[in-house]
Amino acid sequence: MPDLSTLAIARPEPLRVPRSYQATFAKARCESFEWGDLEVRCHHWEGSAPVLCVHGSNGNAAQFGTLIDGLLAAGRGVLAVDIPSHDPQGRFIPSTFIWEALLQTRRYAQPAAVVAHSMACSWVMRALNAGLGAQRLVCLSPAATQEYVFQRFLQMQQAQGLTMGDLAAAIDQAFGPEWRQAYSPIELCKTLSLPTLIHHDEADPVIEIEAGARALRGVWAGAQFIETRGLGHSGVFRNTALIERVIEFIQCDNP
């Protein structure tokens with residue numbers, strides 16, 4: 001376990017649950033733990049073969065409300081996390097401890113499947129390569145490379161006055177000079193063999209499909225791909241038919 005004594009802690013924002021999901025979240029057991037420079041909040045619903053839901057940058061567990069309802073109706077357990085998207089100084093730089101913190105969620109339940117959105121896909125894949133132990137993976141709107149993610153981070157940081165050189169230096173210092181390869185799904189997928197479903201929308205303005213699913217299609221052996229039109233980056237969470245397809249895929253090992 002990392003030495004916590006000298007680290008400032010980044011904490012998740014208070015969770016605002018939409019009214020339509022408040023009854024669902026009221027049934028969850030909510031606990032938090034600290035790992036490295038992170039506080040991670042976990043919402044746990046009991047059930048068989050739990051599914052771990054991991055949001056992307058600036059997201060939260062409530063985004064998965066419709067999916068959670070569907071999984072619970074199918075008898076599945078669910079573990080949904082809230083993880084800060086910023087470092088303890090408030091900069092939009094992810095923590096190096098995220099993938100390790102995902103491994104620590106097993107203190108609540110061993111995930112049988114994982115659903116990850118956006119930039120969280122790389123952290124989940126890193127955790128899977130480190131022994132997270134899930135048997136199925138769903139990636140929603142993933143980026144294929146960290147170089148692409150880096151450019152998106154830069155755009156978000158410009159309002160705080162950081163230059164590309166400043167941001168690159170900060171990330172290199174935190175993650176090491178090989179971070180672009182070490183955290184890129186297009187590389188991480190080469191050492192994963194679990195059944196995987198990947199969804200991306202043609203109109204995604206945050207992670208463009210050509211830099212995401214279409215870049216991964218020729219590399220990720222055995223993965224299933226779904227492309228849609230008109231859902232954007234997060235519309236999957238509000239699309240009943242697609243949520244049902246995700247649950248159907250997850251249920252293949254749990255009839």
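Provided above is the structure to which this section pertains.
This text gives an overview of the structure that appears in the document.

1. Quick word on the pattern of salt bridges
Right, on to step 1. According to the stated counting rule, one finds 11 salt bridges in the structure shown.
Right, on to step 2. The residue Arg11 makes a salt bridge to Glu34 at a minimum N-O spacing of 3.0 Å. With Arg11 in the segment before helix H1 (19-26) and Glu34 in strand S1 (residues 29-35), this pair connects stretches of sequence that are 23 residues apart.
Right, on to step 3. Classification of Glu34 as partly exposed rests on a relative accessible area of 32%.
Right, on to step 4. A salt bridge links Arg217 to Glu227; the nearest nitrogen and oxygen atoms lie 3.3 Å apart. Taken together, the residues span a long stretch of sequence, with Arg217 in helix H9 (residues 213-217) and Glu227 in strand S8 (residues 224-228) at a distance of 10 residues.
Right, on to step 5. With a relative accessible area of 30%, Glu227 lands in the partly exposed category.
Right, on to step 6. Through salt bridges with shared partners, a single ionic network connects Glu202, Glu210, Arg214, Arg217, Glu227 and Arg229.

2. Side note on the sheet that holds strand S2 (residues 38-45)
Right, on to step 1. In spatial order, the strands read S1-S2-S4-S3-S5-S6-S7-S8; together these 8 strands make up an open sheet with mixed pairing. The outermost strands of the open sheet, each flanked by one partner alone, are S1 and S8. For this sheet, the mean inter-axis angle between neighbouring strands, taken without regard to orientation, is 20°.
Right, on to step 2. Bridge count between strand S3 (residues 48-54) and strand S5 (residues 113-117): 4 bridges; the pairing is parallel. Paired with Leu52 across the strands is Val114, a residue of S5.
Right, on to step 3. Contacts from helix H4 (residues 120-129) reach S3, S5 and strand S6 (136-140), with the element oriented near 150° to S5.

3. Quick word on empty space enclosed by the protein
Right, on to step 1. Inspection of the entire model under this criterion finds 3 cavities of 30 Å³ or more.
Right, on to step 2. Of the pockets and cavities examined, the largest cavity occupies roughly 170 Å³.
Right, on to step 3. In terms of lining, the largest cavity is formed by 16 residues, of which the most central are Ser57, Pro94, Ile98, Met119 and Trp123.
Right, on to step 4. Listed by contribution, the elements that provide at least two residues to the lining of the largest cavity are H4 and helix H5 (146-157).
Right, on to step 5. Split into classes, the residues belonging to the lining of the largest cavity amount to 10 nonpolar, 6 polar and no charged.

4. Overview of the packing of helix H2 (residues 65-73) against helix H10 (residues 240-250)
Right, on to step 1. Look at H2 against H10: their axes get within 10 Å of each other, and the N-to-C directions meet at 45°. Comparing the axis directions of H2 and H10 gives the class oblique. Crossing hand, H2 versus H10: right-handed. Between H2, through Thr66, Leu67, Gly70 and Leu71, and H10, the contact on the second element is made entirely by Ile243, Val246, Ile247 and Ile250.
Right, on to step 2. Of the residues in the contact of H2 with H10, the class split is 6 nonpolar, 2 polar and no charged.

5. Thoughts on the layout of surface pockets
Right, on to step 1. A volume near 200 Å³ is recorded for the second largest pocket.
Right, on to step 2. Surrounding the second largest pocket, 15 residues form its lining, Pro12, Glu13, Asn58, Gly59 and Asn60 being those nearest its centre.
Right, on to step 3. Considered class by class, the residues forming the lining of the second largest pocket number 5 nonpolar, 6 polar and 4 charged.

6. So, the environment of Glu210
Right, on to step 1. Inspection of the secondary structure puts Glu210 in the loop between strand S7 (196-201) and H9.
Right, on to step 2. Between the C-alpha atoms of Glu210 and Ala143, which are 67 residues apart in sequence, the distance is 9.1 Å.

7. So, H10
Right, on to step 1. For H10, every residue scored as buried is listed here: Leu242, Ile243, Val246, Ile247, Phe249 and Ile250. Down the axis of H10, the buried set is contained in an arc of 160°. They therefore lie on one face. Opposite its buried face, H10 presents the exposed residues Ala241, Glu244 and Glu248, each directed more than 90 degrees away.

Thresholds applied
- Residues numbered from 1 in each chain as written.
- Predicted model: local features only at pLDDT ≥ 70, side-chain atom pairs only at ≥ 80, totals over all residues.
- Heavy atoms only, no water.
- Salt bridge = Lys/Arg side-chain N within 4 Å of Asp/Glu carboxyl O.
- Helix = DSSP H or I, 4+ residues; strand = E, 2+ residues; numbered from the N terminus.
- Buried < 20%, exposed > 50% of the residue type's maximum accessible area, 1.4 Å probe, protein only.
- Pairing = 2+ DSSP bridges.
- Axes fitted to C-alpha atoms, helices over the stretch in contact; angles between N-to-C directions.
- Contact = heavy atoms within 4.5 Å.
- 1 Å grid on protein atoms, 1.4 Å probe; cavity = no way out; pocket = protein on both sides within 12 Å on 5 of 7 lines; lining within 4 Å.
- Points joined across faces, edges and corners; volume = space filled by probe spheres on them.
- Nonpolar A, V, L, I, M, F, W, Y, C, P; charged D, E, K, R; others polar.
- Parallel < 35°, antiparallel > 145°, perpendicular 65-115°, else oblique.
- Left-handed = near helix turned anticlockwise from the far one by under 90°.
- Arc of directions from axis to C-beta.

Note that all results are geometric; they support no functional claim without further evidence.
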